[in-house]
Amino acid sequence: MTPEKTRVLIVDDDALVRAALRMMLSGSDEVEVAGEADDGSQVLAAVRETRPDVVLMDIRMPRVDGLAATEQLMRQPSPPQVIVLTTFDADEYVLRALRAGAGGFLLKDTPPADLVRGIRTVAAGDAMLSPAITRRLIEHVGAPLPQAPSRREEARARLEPLSPRERDVAVAVGRGGSNAEIGDELYMSVATVKAHVSRVMTKLGVTNRVQIAILAHDAELG
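The present account deals with the structure reproduced in this document. (Residues numbered from 1 in each chain as written. Predicted model: local features only at pLDDT ≥ 70, side-chain atom pairs only at ≥ 80, totals over all residues. Heavy atoms only, no water.)

1. Notes on the overall build of the chain
Then, in step 1: Tallying secondary structure elements over the chain gives 11 helices and 5 strands in all.
Then, in step 2: Relative to its 222 residues, the chain shows a buried fraction of 45%.
Then, in step 3: Relative to all contacts within the chain whose residues are 6 or more apart in sequence, the contacts with residues 24 or more apart total 69%.
Then, in step 4: Surface summary for the chain: the accessible area is close to 11,000 Å², and the carbon and sulfur share equals 51%. (Helix = DSSP H or I, 4+ residues; strand = E, 2+ residues; numbered from the N terminus. Buried < 20%, exposed > 50% of the residue type's maximum accessible area, 1.4 Å probe, protein only. Contact = heavy atoms within 4.5 Å. Areas by Shrake-Rupley, 256 points an atom, 1.4 Å probe, with all protein chains shown as cover.)

2. Overview of the sheet that holds strand S2 (residues 31-37)
Then, in step 1: The parallel open sheet is built from 5 strands, whose spatial order is S2-S1-S3-S4-S5. Whereas interior strands pair on both sides, the edge strands pair on one side only; in this sheet they are S2 and strand S5 (104-107). Going across the sheet, the axis of each strand differs from the next one's by a mean of 25°, ignoring polarity.
Then, in step 2: Both strand S3 (residues 54-58) and strand S4 (residues 81-86) contribute to a ladder of 5 bridges, which runs parallel. Each bridged residue has a counterpart across the sheet, and for Met-57 the counterpart in S4 is Val-84.
Then, in step 3: Here helix H3 (residues 66-74) sits on the sheet and contacts S3 and S4; the angle it forms with S3, its principal contact strand, is near 155°.
Then, in step 4: Contacts from helix H5 (residues 112-123) reach strand S1 (6-11), S2, S3, S4 and S5 within the one sheet, and its direction differs from that of S4 by about 150°. (Pairing = 2+ DSSP bridges. Axes fitted to C-alpha atoms, helices over the stretch in contact; angles between N-to-C directions.)

3. Re the pattern of salt bridges
Then, in step 1: Counted by the stated rule, this structure contains 14 salt bridges.
Then, in step 2: Asp-38 is paired through a salt bridge with Arg-63; the nearest N and O atoms lie 3.7 Å apart. Highlighted residues: Asp-38 in the loop between S2 and helix H2 (43-50) and Arg-63 in the loop between S3 and H3, separated in sequence by 25 residues.
Then, in step 3: Here the salt bridges do not stand alone but share partners, grouping Asp-12, Asp-58 and Lys-108 into one network. (Salt bridge = Lys/Arg side-chain N within 4 Å of Asp/Glu carboxyl O.)

4. Digging into empty space enclosed by the protein
Then, in step 1: Counted under the stated rule, the structure contains 1 cavity of 30 Å³ or more.
Then, in step 2: If you trace the largest cavity, you find it lined by Leu-21, Met-24, Leu-85, Leu-106, Leu-107, Lys-108, Thr-110 and Leu-115.
Then, in step 3: Every element with two or more residues in the lining of the largest cavity is listed here: helix H1 (15-26) and S5.
Then, in step 4: For the lining of the largest cavity, the class distribution of residues is 6 nonpolar, 1 polar and 1 charged. (1 Å grid on protein atoms, 1.4 Å probe; cavity = no way out; pocket = protein on both sides within 12 Å on 5 of 7 lines; lining within 4 Å. Points joined across faces, edges and corners; volume = space filled by probe spheres on them. Nonpolar A, V, L, I, M, F, W, Y, C, P; charged D, E, K, R; others polar.)

5. Some words on the pairing of S1
Then, in step 1: Burial within S1 is extensive, with 5 of its 6 residues counted as buried.
Then, in step 2: Note that S1 and S2 share 6 bridges and pair parallel. Note on S2: the bridge partner recorded for Val-8 is Val-33.
Then, in step 3: For the segment spanning S1, H1 and S2, crossover handedness is right-handed.
Then, in step 4: In this structure, S1 lies alongside S3, joined through 4 bridges in parallel fashion. By the bridge assignment for S3, Leu-9 is matched with Val-55. (Right-handed = clockwise from strand over helix to strand, strands pointing away.)

6. Some points on the side chain of Thr-6
Then, in step 1: For Thr-6, the position within the fold is in strand S1.
Then, in step 2: Under the relative-accessibility criterion, Thr-6 is labelled buried at 5%.
Then, in step 3: Setting aside residues no more than four positions away along its own chain, Thr-6 makes contact with Glu-30, Val-31, Glu-32, Asp-53, Val-54, Ile-119, Arg-120 and Ala-123.

7. Overview of unusual backbone geometry
Then, in step 1: A positive phi angle, close to 50°, is found at Arg-51, a residue other than glycine.
Then, in step 2: Here Arg-51 is to be found in the loop between H2 and S3.
Then, in step 3: Even without glycine at this site, Tyr-187 takes up a positive phi of about 60°.
Then, in step 4: Tracing the backbone through its elements, the reader meets Tyr-187 in the loop between helix H9 (179-186) and helix H10 (190-204).

8. Quick word on the nonpolar core
Then, in step 1: Counting residues in hydrophobic clusters, the biggest one holds 24 residues, and the most contacted among them are Val-11, Val-43, Val-55, Met-57, Leu-73, Val-82 and Val-84.
Then, in step 2: Those elements that place two or more of their residues in this core are S1, H2, S3, H3, S4, helix H4 (92-100) and helix H11 (209-218).
Then, in step 3: Ignoring any residue separated from it by four or fewer positions in sequence, one finds Val-11 in contact with Ala-37, Asp-39, Gly-40, Val-43, Val-55, Leu-56, Met-57, Asp-58 and Met-61.
Then, in step 4: Within the second largest apolar cluster, 19 residues are counted, among which are Leu-162, Val-169, Met-188 and Val-200. (Core = buried A, V, L, I, M, F, W, Y, C linked by side-chain atoms within 4.5 Å.)

So, in structure tokens, the structure goes:
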């Protein structure tokens with residue numbers, strides 16, 4: 001049976017960028033472009049119309065930027081996954097979009113095969129970037145030092161409802177471990193790790209592993 005294609009909505013104010021992304025994705029048997037939008041103000045309507053699995057979201061757009069559009073989208077019931085598109089790999093807006101619920105980010109010059117792989121990974125519910133990259137973003141563009149204690153205490157308070165085992169899993173996710181690596185470290189099956197990660201996301205009210213990693217980093221765990 002042929003696997004179902006991942007439906008993608010492209011959101012970018014540059015028509016040439018949209019055309020290039022569409023061309024790159026059109027050569028894949030795993031992905032199809034469901035639609036396009038040229039500003040964040042169009043995202044909610046475009047998502048309702050095209051029902052994508054993944055939104056490729058530009059950060060800088062003239063009316064409603066990708067950060068605001070991501071925040072609006074994540075407040076909707078059962079939103080699609082979001083991958084942020086950027087020209088910078090250490091960008092405050094990228095970090096804020098990850099905190100808002102984006103499943104990862106891609107540079108606009110990402111090779112087509114890596115673009116497709118990233119889309120499929122995020123569509124499957126996994127983080128598209130390693131928590132190690134997330135930590136580098138946090139450290140590069142994180143909050144000024146005076147804000148650090150309050151952020152640390154807030155993160156620790158959010159992690160308080162976790163059981164000791166769930167906390168161990170959250171710390172391992174924050175270190176960048178895959179499900180298999182976490183299983184080896186904590187003597188669990190991969191299925192058990194997945195179940196723990198799912199419960200952790202539910203208890204923390206987050207939508208992906210990147211957000212778990214950010215909270216673990218903010219809480220200074222592990």
